[in-house]
Amino acid sequence: MHINWSELVPLLAVAASWAGIWWLRRKQLNFSLIALFALGVGVPIGLLAGAHTKDINPIGHIYINVLLATVAPLVLVAIVSAITSLGSLEKLRTIGLRSVFWLLLSNALAVILALGLALTFQPGSGLHRTLGTLSTDTISAQVQDFTQVVVGFFPTNVAENFSANDIIPIIMIAVVLSVAYLALAEREPELVRPFGAGAEALKLVIFKAVGYVIRLTPYAIVALTADMVGTSSNLGHDFTSLLGLLALVWVACAIHAYVFNGAILAAFADVPVIPFFRKIFPAQVTAFSTQSSVGTLPVTTEQLTRKVGVHSEIAHFTAPLGTTIGMPGCAGIWPVMIAVWGINAYGIQYSVGDYVTLAVLSTIVSIGIAGVPGAATVAAATVMSAAHLPLEFVAATIPIGIIADMARTATNVTAAAVSATVVARQTGLLDDEIFAGRKAYVEADPPPLTAPAFAPAANGAPAPNGAAVVPPGYVAVPASAVAYVPASGPVPAPPAGPTPFPSPGTYGGFPRVYWGPTELAATGERNDN
């Protein structure tokens, strides 16, 4: 049997890197360092493999498919759980408007940055290209009319929206369900309480499943990086001008991701900038490798809640919104850079007013662009069409699209994380103790059960309707009551020996038991006592 060593050796190298990653995980090395190790290992494997990545390619695609499969249910349950936990429609309006403002501002800054760099360095100058030499049929099919973009915000087929990971319609569905819940909870809380409890339970299950997928991220990064490097390593021979454009795009993305966002964090979130970027680094690396803002969403929200200290209701609302609104890398920097490059390369006359129109259009188009691989092409094609520029600009830059997408996606994810952090700070939902590492993030307890609960009392009493016998020293209280109800007499101390009823924290027979206010855990921490 003939062995194709050119295909087998890179595959064996990937397997060897996985063994190294497994060993590093056993040593409990920081996840960010493991991800960086995976990225560094993937580059030489890709250079070694060259175009022989046929066996490596499916590994990365399987991971992306599995990751994308978690997005729709994650966004739905996270937003429903986050909004229902707000408790009021007023808080929803506050968080929603602030999130949209900061996401759009981030993209507007990216447009200004890209336009300034492009007009300064003039990419494409001296090429003297001629229009009509490249086919634009495929690009034309991806142009989105802005009215259709707006119409697409509203779901028509829920199953279709979920299968296509249409984030805006999914967000709309989640918001409508949550608003309806809040409205009913103000009038008839007992009737809708199972909905809130069910949403919270479903969120915990889905988050657990997503956690399994996230643990595979470093292994997938090796395969994704090797495949991208192997199939793109020959660009520099024929596309000098495009490589100059690519370098300028990467510079713009780096400036926006770290300089602009760093200034926003320091001025409006009041958090240390360098530690912040260290905490979200796993999300940046995942975005860099997968080229999918949506696919990176589980990692983004994980880092925001557990490391940065952004409250769950902000992280799971603003970050998903940032995968389709804002998008400074794909919808801000890339279309503007392409436009200026094409204007110079094809010798098109463009006035100051035209550039202003281009900047405005790039900001508007950022609303509704999907955070998946290839979204930048759609955004660029839409901007070119709206600005009456040739779609050939987009077709000519396709060869560098894959490499540019790595930096663009990392910029998108960084901007969404920064926006979520700023909104959390402005609404008082940023936990500095978690950010500083002095406190661990713990999932909040689910809503109270509908079964009766018990609170300390001076004397034992039968349960309502004689349904159950209340242990001595307790009285029955409805599930809608607060966790602890003050007793009418002295509060007895917890028994020294085994309790005569199921242990607290279990649900086998009796619900959770609270001994008293001094025994309750601190706000935000799980109470299993």
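Details of the structure are given in the entry above.
Bear in mind that the values here come from a model prediction, so they are computed numbers and not experimental data.

Secondary structure assignment for the protein yields 22 helices and 2 strands. Within the protein, the fraction of its 529 residues that count as buried is 48%. Within the protein, contacts between residues at least 6 apart in sequence are counted, and of these 79% link residues at least 24 apart. Here the protein displays about 23,500 Å² of accessible surface, and carbon together with sulfur accounts for 65% of that area.

Right, let's talk about helix α14 (residues 281-290) for a bit. For α14, the tally of buried residues reaches 9 of 10 residues, placing the bulk of the element in the interior. For α14, the full list of buried residues reads Pro282, Ala283, Gln284, Val285, Thr286, Ala287, Phe288, Ser289 and Thr290. Looking one or two residues beyond α14, the residue adopting positive phi is Gln291, at roughly 55°.

Next up on the list: the packing of aromatic side chains. The tally for this structure, following the rule as stated, stands at 10 aromatic pairs. What links up through ring pairs into an aromatic cluster is the set Phe101, Trp102 and Phe268. The ring of Phe435 carries Lys279 above its face, with NZ or CZ at 5.0 Å from the centroid. Positioned above the aromatic ring of Trp334 is the side chain of Arg408, whose terminal nitrogen or guanidinium carbon lies 4.4 Å from the ring centre.

Looking at where Ser419 falls in the secondary structure, it is placed in helix α21 (residues 401-426). According to the relative accessible area criterion, Ser419 is buried, its value standing at 4%. The contacts of Ser419, once residues within four sequence positions are left out, are Trp102, Leu103 and Thr318.

Here the structure, examined in full by the defined rule, presents 6 salt bridges. One salt bridge in this structure joins Asp432 and Arg425, with 2.7 Å as the shortest N-O distance. Since its relative accessible area comes to 36%, Asp432 is described here as partly exposed. According to the relative accessible area criterion, Arg425 is partly exposed, its value standing at 23%. Between Asp431 and Lys439 there is a salt bridge, with its nearest N and O atoms 3.2 Å apart. Classification of Asp431 as partly exposed rests on a relative accessible area of 22%.

A word on a nonpolar patch on the surface. On the surface, a nonpolar cluster with roughly 350 Å² of combined accessible area is contributed by Val352, Val356, Val360 and Ile364. Mapped onto the elements, Ile364 comes out in helix α18 (residues 352-365).

Below, the discussion takes up unusual backbone geometry. Excluding glycine, a negative phi dihedral is what most residues carry, and trans is how most peptide bonds are arranged. Phi is positive for Gln122, which is not a glycine, with a value near 50°. Relative to the elements of secondary structure, Gln122 occurs in the loop between α5 (89-121) and α6 (137-140). Positive phi values are uncommon outside glycine, yet Asp270 reaches one of about 55°. Considering the arrangement of structural elements, one finds Asp270 in the loop between α12 (240-269) and α13 (273-279).

What follows is about helix α10 (residues 189-214). The terminal C-alpha atoms of α10 lie 36 Å apart, and with 26 residues this matches the ideal 38 Å at 1.5 Å per residue to within 8%. Those residues of α10 that fall on the buried side of the exposure criterion are Val192, Arg193, Gly196, Ala199, Glu200, Lys203, Ile206, Phe207, Val210, Val213 and Ile214.

Note that Ala201 resides in helix α10. Sequence spacing of Ala201 and Ser81 is 120 residues, and the spatial spacing of their C-alpha atoms is 9.3 Å.

In this structure, Ile333, Trp334, Met337, Met384 and Leu389 are the most contacted members of the largest nonpolar core, which totals 69 residues. Of the residues forming this core, the biggest block, 12 residues, is contributed by helix α17 (residues 328-345). Aside from chain neighbours lying at most four places away, what touches Met384 is Pro335, Ile338, Ala339, Leu389, Pro390, Leu391, Phe393 and Val394. Grouped together as the second largest cluster of nonpolar side chains are 43 residues, Phe276, Val308, Ala420 and Leu430 included.

About the thresholds
Residues numbered from 1 in each chain as written. Predicted model: local features only at pLDDT ≥ 70, side-chain atom pairs only at ≥ 80, totals over all residues. Heavy atoms only, no water. Helix = DSSP H or I, 4+ residues; strand = E, 2+ residues; numbered from the N terminus. Buried < 20%, exposed > 50% of the residue type's maximum accessible area, 1.4 Å probe, protein only. Contact = heavy atoms within 4.5 Å. Areas by Shrake-Rupley, 256 points an atom, 1.4 Å probe, with all protein chains shown as cover. Phe/Tyr/Trp six-rings, centres within 6.5 Å; stacked < 30°, edge-to-face > 60°. Lys NZ or Arg CZ within 6 Å of the ring centre and 35° of its normal. Salt bridge = Lys/Arg side-chain N within 4 Å of Asp/Glu carboxyl O. Patch = residues over 30% accessible without salt bridge, like charges linked within 9 Å, V, L, I, M, F, W, Y side chains within 5 Å. Expected span 1.5 Å × (residues − 1). Core = buried A, V, L, I, M, F, W, Y, C linked by side-chain atoms within 4.5 Å.

As far as function goes, none of this settles anything; it's purely spatial.
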